[in-house]
There are 2 protein chains.
Amino acid sequence: PCFKAGLICTPVCDCHLLDMGEEGPGNSVYLSERGNSIRLHEGILQEGYIQYGMDRHHDTDNPDGIINMGTSENKLCYDLLHKRLTKPDMLHINPSLLQYSDWRGHAFLREAVAKFLTRYCCSPNPLKADNVVVMNGCGSLFSCIAAVICDPKDAILIPTPFYGVITEDLHLYSDVKLFHVPLDCEADGKDNRPFRLTVRKLEEGLQRAKEEGLTIRGVILMNPHNPLAEIYSLKEMITFLEFAKRNALHAIVDEVYMLTVFDESVTFQSVLSADSLPDPQRTHIMWGMSKDFAMAGIRIGTLYTENRDLVEALAKLGSFHGVSGTTQHQVAQLLQDKEWINEEFLPENRRRLKAACSYLTGELLSMGIPFLDRPATLYVWADLRKYLQESSFEEELSLWKCFLRHKVLLSCGQAFCCSVPGWFRIVFADQQHHLQLGQYQQHS
Amino acid sequence: PCFKAGLICTPVCDCHLLDMGEEGPGNSVYLSERGNSIRLHEGILQEGYIQYGMDRHHDTDNPDGIINMGTSENKLCYDLLHKRLTKPDMLHINPSLLQYSDWRGHAFLREAVAKFLTRYCCSPNPLKADNVVVMNGCGSLFSCIAAVICDPKDAILIPTPFYGVITEDLHLYSDVKLFHVPLDCEADGKDNRPFRLTVRKLEEGLQRAKEEGLTIRGVILMNPHNPLAEIYSLKEMITFLEFAKRNALHAIVDEVYMLTVFDESVTFQSVLSADSLPDPQRTHIMWGMSKDFAMAGIRIGTLYTENRDLVEALAKLGSFHGVSGTTQHQVAQLLQDKEWINEEFLPENRRRLKAACSYLTGELLSMGIPFLDRPATLYVWADLRKYLQESSFEEELSLWKCFLRHKVLLSCGQAFCCSVPGWFRIVFADQQHHLQLGQYQQHS
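Conventions adopted
- Counting of residues starts from 1 at the beginning of each chain's written sequence and follows it residue by residue.
- Chain letters start at A and ligand numbers start at 1, both assigned in the order the entries are written.
- Where local features are concerned, this predicted model is filtered to residues with pLDDT of at least 70; where side-chain atom pairs are given and counted, the filter is 80 or more; whole-chain, interface and lining totals use all residues.
- Side-chain numbers come from the whole structure's heavy atoms, not from hydrogens or water.
- Lines fitted to C-alpha atoms define the axes here, with helix axes fitted over just the stretch in contact, and angles between the N-to-C directions of these axes take values from 0 to 180 degrees.
- Put simply, DSSP marks the helices as runs of H or I at least four residues long and the strands as runs of E at least two long, and each gets a number from the N terminus on.
- Throughout this description, any angle smaller than 35 degrees is read as roughly parallel, any larger than 145 degrees as roughly antiparallel, any in the 65 to 115 degree range as roughly perpendicular, and the remainder as oblique.
- Here, two residues are considered to be in contact whenever any of their heavy atoms come within 4.5 Å of each other.
- Under the grouping applied here, Gly and all other residues not named as nonpolar or charged are polar, the nonpolar ones being Ala, Val, Leu, Ile, Met, Phe, Trp, Tyr, Cys and Pro and the charged ones Asp, Glu, Lys and Arg.
- DSSP calls a pair of strands paired once it identifies at least 2 bridges connecting them.
- Here, the term nonpolar core denotes a set of buried Ala, Val, Leu, Ile, Met, Phe, Trp, Tyr and Cys residues that are joined through side-chain atoms within 4.5 Å.
- Between buried and exposed lies partly exposed: a residue is buried under 20% and exposed over 50% of the maximum accessible area for its type, with that area taken using a 1.4 Å probe on protein chains only.
- Least-squares superposition aligns the copies on the C-alpha atoms of those residues with pLDDT at or above 70 in both.
- The term buried area denotes the loss of accessible surface (1.4 Å probe radius) that occurs when two parts are joined, taken as the sum for both partners.
- When a carboxyl oxygen of Asp or Glu is within 4 Å of a side-chain nitrogen of Lys or Arg, the pair counts as a salt bridge.
- The charged-residue count follows a simple rule in which Lys and Arg add positive charge and Asp and Glu add negative charge, with His and chain termini not counted at all.
- Here is the rule: rings of Phe, Tyr and Trp (six-membered ring for Trp) pair when centre to centre is within 6.5 Å. Planes less than 30 degrees apart are stacked, more than 60 are edge-to-face, and the remainder are tilted.
- Marked domain ranges trace back to an automatic or database domain assignment.
- Contacts described as polar in this section are N or O atom pairs within 3.5 Å, which, within protein, must combine one atom able to donate a hydrogen with one able to accept it, while residues neighboring in sequence count only if both atoms come from side chains.
- By this rule, a helix spans an expected 1.5 Å times one less than how many residues it contains.

Engineer: Any details on the packing of helix H1 (residues 33-40) of chain A against helix H6 (residues 138-149) of chain B? Residues and values, ideally.
Structural biologist: Contact geometry of H1(A) with H6(B) gives a least axis separation of 5 Å together with a crossing angle of 105 degrees. The angle between H1(A) and H6(B) places the two elements in the roughly perpendicular class. Only B:Ala146, B:Ala147 and B:Val148 of H6(B) make contact with H1(A), whose side of the interface consists of A:Arg34, A:Gly35 and A:Ile38. Across the contact of H1(A) with H6(B), the residue classes break down as four nonpolar, one polar and one charged.

Have a look at this one:
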């Protein structure tokens, strides 16, 4: 296939892309040491998005532009959202929406979120609005939680591969590190759960971190997983939460893809559906509008936690992460519209995600590319190892660059700190004619 | 007057209210040292707002609730805003508004801001959209600027009194200190500019900071000033900016009250109206929707700077401070509506502010309370020293508490780090029957 052409080996280190072929910019005399470090920080995901920003594909205006299969956005439901979001109930103004509000979010929105989560997470008891914090995106929540459960240089455990931007979420402001727990790939065609997360791996990771002298304050768990698209059962999640409890770790449970399960025979179980959590004071559940409602631009992330101290501390940082009152109103209207969610949006969204996934995985099968076959999320985790000339991250990066030269943006495994080179996350939640992997192969 | 009754002396320290009569909460075992410090941090302004939040005055629902004359909000123009914000052009959706965008703000909004500032700041040359950064409020901009021009423990110079929340904006996330330059009160009835800012005071402050071993990276200048309501001439501002240049300090110029000048014989001059700035690479101008457009709840702060390095660094932190795409659209529509701004909003807003200010200052005159007579902002800086039994911050706090017991929230000078006890900021931008200072006096 074309994307084998023109491989160039470029040194990379540690999840970061240091060189895109041009001289890197130097330190600025106007910024502090920290400021320069923040300014010069650039991951592969960010670099890819910048390249895409300068040359976006558009069917008529820029047909030769970059197709973005790297950013996890759902572009399949714009018509449904447009119809709903332009209904008259969205255009509502009252004085309190224009004034300063509770930094945890307006009470009406926190109530709507609590009811929504109670229903869709199948909570055995009604969840409480007072346990909800709303901020402008889950990245803000990660940043704030890190700031208040960790001191600078403390660390949080995370199995790899993982959605790479969490590294910046925890580090840029809060100076908190991620300690990686590698989930070795065992994809030999026999095991249907390569990259399997186990309590043993978590325990070993924690042990290693302690040996390195790090203070570990928590563990991040994603379900459905990004980028593996794996769905963990409630039973499995509880064992992970028990591991956290045994070690007095906060468990930050990211369930932002909970409504993207598109196979009706598969049931997602939120940890909020448990009769009781092993350590409710240290278990914090994140959800948001970006993925499940295809509205990344609306900037809404929510946290559910019973820990009052955490809520109080987050409220103090909330002034930096506030959401416009008018947007809070719009989101509350959506979350309360059971009929629209159940009868219109969710069934159609699932149908479209399923079709898009089938199309892309069909392409991958025809190209002989292995992948993890999962009925959830907006992407597949695909094994492109056969296209590497040698098993190295340099080779993986070259392959990523080759795709980009051919106007396809993907996310390579090293951007997710994957311990094995050659895996890519490919987003399928876009119009079929944009999912051009196969076309490139045919043309080359 | 009533607010002399029941004074209780409570120890306070350093701009913070430590005790509201109840045992302060202890450290949480669930949070880090930093997290506990963030959680337990509570200024007088925050405490007052919390009290108000639990017992808000409402003309019919809660007529005995607290009247908020402490928070700088303009409550006089809701009818004008409601009319404009419910017009059909506000209810617009397109795909890019629902997707991830440039973290500096959508290009269409940055262009609208550049044009708006060019016009209302009387810039001799068109300002550039590329020099604009939009975030969810000016507090976020303060936090980000501090993070990238300072290293932890570095400091920024600020004349006192100043809008006290800037302390938290710079410290909570970014661990940056404010170094105070006290503007001694010379209000003897002869000097019409007590608390006068001079270059000499800035130079002396910088000298003291250096002697204390601090690294000073910038100076914050507010025009019109909060809480003094003072309007500095362009000539004065240029001398302050020359001081900054001489000492290689960043000048963060906060002009968020620039359109609140309600006396038509007085002209506000933005530093952006200068033919040239002393040090354009170190001069950064803030403006936002909260004050001038009476929309604190809409969370829009803007920065104008020619410094590309700063813009790049802010863009990296922008993911934590993003604004909903739909709100960005609404704000751009407003800022582009010259006719509405010039013919409807601004003249009527000025008229109402002027009337409200006249009413409150009339009340103060009748009570024999001196104040700084300024034709701008939403508040007056009033001299209540005659009500203190002795000149101390304990006495000042007691007076503040006494007002609060009588259901009037004000801001006392120590919340703004004023060096002289007894001054209060009183917000007048509310319905006349809420401005009850005089009524309380009569009833007691």
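Engineer: Requested: an account of the sheet that holds strand S9 (residues 379-383) of chain B, with residues and values cited.
Structural biologist: Residue and element names in this part refer to chain B. On the basis of which strands lie adjacent, the open sheet formed by three strands has the order S9-S12-S11 and antiparallel pairing. Lying at the two open borders of the sheet, with one neighbouring strand each, are S9 and strand S11 (411-412). The pairing of S9 with strand S12 (residues 423-427) spans five bridges and is classified as antiparallel. Across the sheet, Asp383 pairs through a bridge with Trp423, a residue of S12. Against the sheet, helix H13 (residues 393-405) makes contact with S11 and S12, and its axis sits at roughly 30 degrees relative to S12, the strand it touches most.

Engineer: Break down the nonpolar core for me, with residues and values.
Structural biologist: With 321 residues, the main nonpolar core has A:Phe293 and B:Phe293 as its most contacted residues. Apart from the residues within four sequence positions on either side, B:Phe293 is in contact with B:Leu81, B:Phe116, B:Leu259, B:Trp287, B:Leu335, B:Trp340, B:Ile341 and B:Phe345.

Engineer: Account for the relation of the copies chain B and chain A, with residues named and values stated.
Structural biologist: Between the two copies of this chain, the relationship is a rotation about some axis together with a displacement along it. Mapping chain B onto chain A leaves a residual RMSD of 0.0 Å; the transformation is a rotation of 180 degrees accompanied by 0.0 Å of translation along its axis. The two molecules are tied by a two-fold rotation axis, judged by turn and shift. The C-alpha atom lying nearest the rotation axis in chain B is that of B:His321; the distance is 2.8 Å. The fraction of interface residues of chain B whose copies in chain A are also interface residues reaches 100%, indicating that both copies meet through the same surface.

Engineer: So what's going on with the interface of chain B and chain A? Which residues, and what values?
Structural biologist: Between chain B and chain A, the residue contacts involve 82 residues of the former and 82 residues of the latter. When the buried area of chain B at its contact with chain A is split by residue, B:Tyr30, B:Tyr100 and B:Tyr173 rank highest and sum to 14% of it. Here chain B and chain A share six salt bridges between them. For A:Arg39, the salt bridge goes to B:Asp309, with nearest N and O atoms at 3.3 Å.

Engineer: Requested: an account of the sheet that holds strand S6 (residues 250-254) of chain A, with residues and values cited.
Structural biologist: All names here are of chain A. As summarised here, the arrangement of the seven strands in space is S2-S8-S7-S6-S5-S3-S4, forming an open sheet in which the pairing is mixed. The outermost strands of the open sheet, each flanked by one partner alone, are strand S2 (132-135) and strand S4 (177-182). The average angle at which neighbouring strand axes cross in this sheet is 25 degrees, direction not considered. The sheet contact formed by strand S5 (residues 216-222) and S6 spans five bridges and is parallel. Counterpart to Gly218 in the pairing with S6 is His250.

Engineer: Tell me about unusual backbone geometry, and please be specific about residues and values.
Structural biologist: Residue B:Pro161 is bonded to the preceding B:Thr160 through a cis peptide linkage, with omega at 0 degrees. In this structure, B:Pro161 sits in the loop between strand S3 (155-160) and helix H7 (166-171). Cis rather than trans, the peptide bond between B:Asn223 and B:Pro224 has omega equal to -10 degrees. Examined against the element boundaries, B:Pro224 turns out to sit in the loop between strand S5 (216-222) and helix H9 (234-246). Its identity as a non-glycine residue notwithstanding, A:Ala229 has a phi of 65 degrees, on the positive side. Along the polypeptide, A:Ala229 turns up in the loop between S5 and helix H9 (234-246). One non-glycine residue, A:Cys417, lies in the positive phi region at around 60 degrees. The exposure class of A:Cys417 is buried, given its relative accessible area of 8%.

Engineer: How would you summarise the side chain of B:Glu73 if you had to cite specific residues and measurements?
Structural biologist: Topologically, B:Glu73 is positioned in the loop between strand S1 (67-68) and helix H3 (78-85). Summary of buried charges: B:Glu73 has no salt-bridge partner, and the nearest side chain of opposite charge, B:Lys75, is 4.2 Å away. Apart from the residues within four sequence positions on either side, B:Glu73 is in contact with A:Gln99, A:Tyr100, B:Ala296, B:Leu378, B:Val427 and B:Ala429.

Engineer: Would you mind going over the packing of aromatic side chains in detail, with residue names and values included?
Structural biologist: Residue and element names in this part refer to chain A. If you walk through the whole model with that rule in mind, you get 37 aromatic pairs over all chains. Measuring from ring centre to ring centre gives 4.9 Å for Phe195 and Trp423, while their planes differ by 85 degrees; the resulting arrangement is edge-to-face. With a gap of 228 residues between them, Phe195 in the loop between S4 and helix H8 (199-211) and Trp423 in strand S12 (residues 423-427) connect regions that are remote in the sequence. Comparing Phe195 with Trp423 shows no difference in burial state: the two are buried. Ring centres of Phe293 and Phe345 lie 5.2 Å apart, and the angle between their planes is 20 degrees; this geometry places the pair in the stacked category. With Phe293 in the loop between strand S7 (283-288) and strand S8 (301-305) and Phe345 in helix H12 (residues 338-366), this pair connects stretches of sequence that are 52 residues apart. Summarising the burial analysis for this pair, Phe293 and Phe345 share the class buried.

Engineer: Account for the pairing of S9(B), with residues named and values stated.
Structural biologist: On any regular strand, side chains alternate: one points to one face of the sheet, the next to the other face. S9(B) sits mainly inside the fold: five of its five residues count as buried. Both faces of S9(B) are covered, namely the face carrying B:Tyr379, B:Trp381 and B:Asp383 and the face carrying B:Val380 and B:Ala382.

Engineer: Please set out the domain arrangement of chain A residue by residue, giving values where relevant.
Structural biologist: All names here are of chain A. When its domains are assigned, chain A resolves into domain 1 (2-78 + 342-443) and domain 2 (88-340). Between domain 1 and domain 2, the C-alpha centre-to-centre distance is 24 Å. At the junction of the two partners, domain 1 supplies 37 residues and domain 2 supplies 42 residues. Three residues, Phe345, Arg374 and Pro375, lead the burial of domain 1 against domain 2; their summed loss comes to 17% of the area buried on that side. For the pair domain 1 and domain 2, the number of links is zero salt bridges. Here domain 1 is connected to domain 2 by 17 residue pairs in polar contact (both at pLDDT 80 or more). Those elements that provide at least two residues to the side of domain 1 that touches domain 2 are helix H2 (44-54), H12, strand S9 (379-383) and S12. When grouped by side-chain class, the residues that make up the side of domain 1 that touches domain 2 number 20 nonpolar, nine polar and eight charged.

Engineer: Describe helix H11 (residues 325-336) of chain A, listing the residues and the values that go with them.
Structural biologist: Count 3.6 residues to each turn of an α-helix, and residues three or four apart come out pointing the same way. Over its twelve residues, H11(A) runs 17 Å from end to end, which matches the ideal 16 Å to within 8%, given 1.5 Å per residue. All of the buried residues in H11(A) are A:Gly325, A:Thr326, A:Thr327, A:Gln328, A:His329, A:Gln330, A:Val331, A:Ala332, A:Leu334 and A:Leu335. Of the surrounding elements, those touching the buried residues of H11(A) are helix H3 (78-85), helix H4 (95-98), helix H5 (107-120), S7 and H12 of chain A together with helix H11 (325-336) of chain B.

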